[in-house]
Structure formats: C-alpha cells, structure tokens
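Coordinates in review
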Amino acid sequence: MAASQIEIDDSTILDNIDAEQVEFTADVDGDDYDFVVQYDLLEALSGDRPDGDAVDMFNRFIDSVSEAALSALSRNSDANPIIVSENDLE
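Residues numbered from 1 in each chain as written. Predicted model: local features only at pLDDT ≥ 70, side-chain atom pairs only at ≥ 80, totals over all residues. Heavy atoms only, no water.

**Regarding the overall build of the protein chain**
Helix and strand counts for the protein chain come out as 3 helices and 5 strands. Across the protein chain, helices and strands are ordered from the amino to the carboxyl terminus as β-β-β-β-α-α-α-β. Scaling as 2.2 N^0.38, a compact globule of 90 residues should have a C-alpha radius of gyration of about 12 Å, and the protein chain matches this with 12 Å. When contacts within the protein chain are restricted to residue pairs at least 6 apart in sequence, those whose partners lie at least 24 apart make up 43%. About 5,100 Å² of surface is accessible on the protein chain, with carbon and sulfur atoms providing 37% of the total. (Helix = DSSP H or I, 4+ residues; strand = E, 2+ residues; numbered from the N terminus. Rg over C-alpha atoms; globule rule 2.2 N^0.38 Å. Contact = heavy atoms within 4.5 Å. Areas by Shrake-Rupley, 256 points an atom, 1.4 Å probe, with all protein chains shown as cover.)

So, in structure tokens, the structure goes:
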C-alpha cells in the first residue's frame, strides 16, 4: 500500500508511559488507522530517551514520525494498531 498523505488527529495523541509508546489515530487517504510509536523511534530522532516528555518529542519530530508511520502502514496495513519503530525511519 503506497499511502500519500497522513493527517494525525491531535486530540488522540496519548503517551502510554507503561508501554513506552505514544499512541494516536490518523487519517491516511480517507481511512482511519490506529498507530503506536515506540519510544525507541523518538530516542533515535532526538538522541534522548523520553522521560515524561514523549508527546513533546513526538510533536517536535512530527514530520519524521509521519513518514515513519506511512512506512509502517505500507509494511503492514492489516495490523491494529500499526507499530511504528526505529526500523521505519528512512
């Protein structure tokens, strides 16, 4: 699946500290998907492990996170939620 646009619903962004991930819903080409961004991806982008600031990191690197989410979606569009990891960075 080659998705072209992703629109993250800001009201759904949630830092799940226990699972070490940021969760969100996004519209991709007219369809809604649930995504999970692992802290490892945020650490790879920022150089620091999230410590109560995962949502801030997520928003700071939103363009890279969005591209990685599209990569994860194209890899496995049937997953629910779609796991976005460091491996999805280009």
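Once the structure has been displayed, the description carries forward.
**Remarks on helix 3 (residues 62-75)**
Its 14 residues give helix 3 an end-to-end C-alpha distance of 20 Å, which sits within 8% of 20 Å, the value for a rise of 1.5 Å per residue. For helix 3, the full list of buried residues reads Val65, Ser66, Ala68, Ala69, Leu70, Ala72 and Leu73. (Expected span 1.5 Å × (residues − 1). Buried < 20%, exposed > 50% of the residue type's maximum accessible area, 1.4 Å probe, protein only.)

**A look at the environment of aspartate 48**
Following the sequence through the fold, aspartate 48 ends up in the loop between helix 1 (39-46) and helix 2 (54-60). Residue class for aspartate 48 comes out partly exposed when judged on its relative accessible area of 48%. Ignoring any residue separated from it by four or fewer positions in sequence, one finds aspartate 48 in contact with Leu42, Glu43 and Met57.

**Overview of the side chain of serine 66**
Within the element layout of this structure, serine 66 appears in helix 3. One polar contact links the side chain of serine 66 to the main-chain carbonyl oxygen of isoleucine 62, over a distance of 2.8 Å. Setting aside anything within four residues of it in sequence, one finds serine 66 in contact with Ile6 and Ile8. (Polar contact = N/O pair within 3.5 Å; in protein donor to acceptor, adjacent residues only side chain to side chain.)

**Some details on the pairing of strand 4 (residues 31-38)**
Pairing of strand 3 (residues 21-28) with strand 4, which is carried by 8 bridges, proceeds in the antiparallel orientation. Residue valine 28 lies in a different strand from strand 4, and its bridge partner there is aspartate 31. Between strand 3 and strand 4, which pair antiparallel in sequence order, lie 2 residues; one of them, aspartate 29, sits at a positive phi of approximately 50°. Strand direction decides the pairing type here: strand 4 and strand 5 (residues 82-84), joined by 3 bridges, are parallel. Each bridged residue has a counterpart across the sheet, and for valine 37 the counterpart in strand 5 is valine 84. (Pairing = 2+ DSSP bridges.)

**Quick notes on the nonpolar core**
Core analysis: the largest hydrophobic core is formed by 25 residues, its most contacted members being Phe24, Phe35, Val37, Leu42 and Phe58. At 6 residues, the largest contribution of residues to this core is made by helix 3. Setting aside anything within four residues of it in sequence, one finds phenylalanine 24 in contact with Ile8, Thr12, Ile13, Tyr33, Asp34, Phe35, Val37, Phe58 and Ala69. (Core = buried A, V, L, I, M, F, W, Y, C linked by side-chain atoms within 4.5 Å.)

**Side note on the packing of helix 1 against helix 3**
In helix packing, the relevant descriptors are the interaxial angle and the interaxial distance, both defined with respect to the helix axes. One can describe the packing of helix 1 onto helix 3 by two numbers: an axis separation of 11 Å at closest approach and a directional angle of 135°. The orientation of helix 1 with respect to helix 3, classified from their angle, is oblique. Regarding helix 1 and helix 3, the two cross each other, and that crossing is right-handed. Taking contact as the criterion, the partners of Leu41, Leu42 and Leu45 in helix 1 are, on helix 3, Ser64, Val65 and Ala68. Each residue belonging to the contact of helix 1 with helix 3 can be placed in one class, and the counts come to 5 nonpolar, 1 polar and no charged. (Axes fitted to C-alpha atoms, helices over the stretch in contact; angles between N-to-C directions. Parallel < 35°, antiparallel > 145°, perpendicular 65-115°, else oblique. Left-handed = near helix turned anticlockwise from the far one by under 90°. Nonpolar A, V, L, I, M, F, W, Y, C, P; charged D, E, K, R; others polar.)

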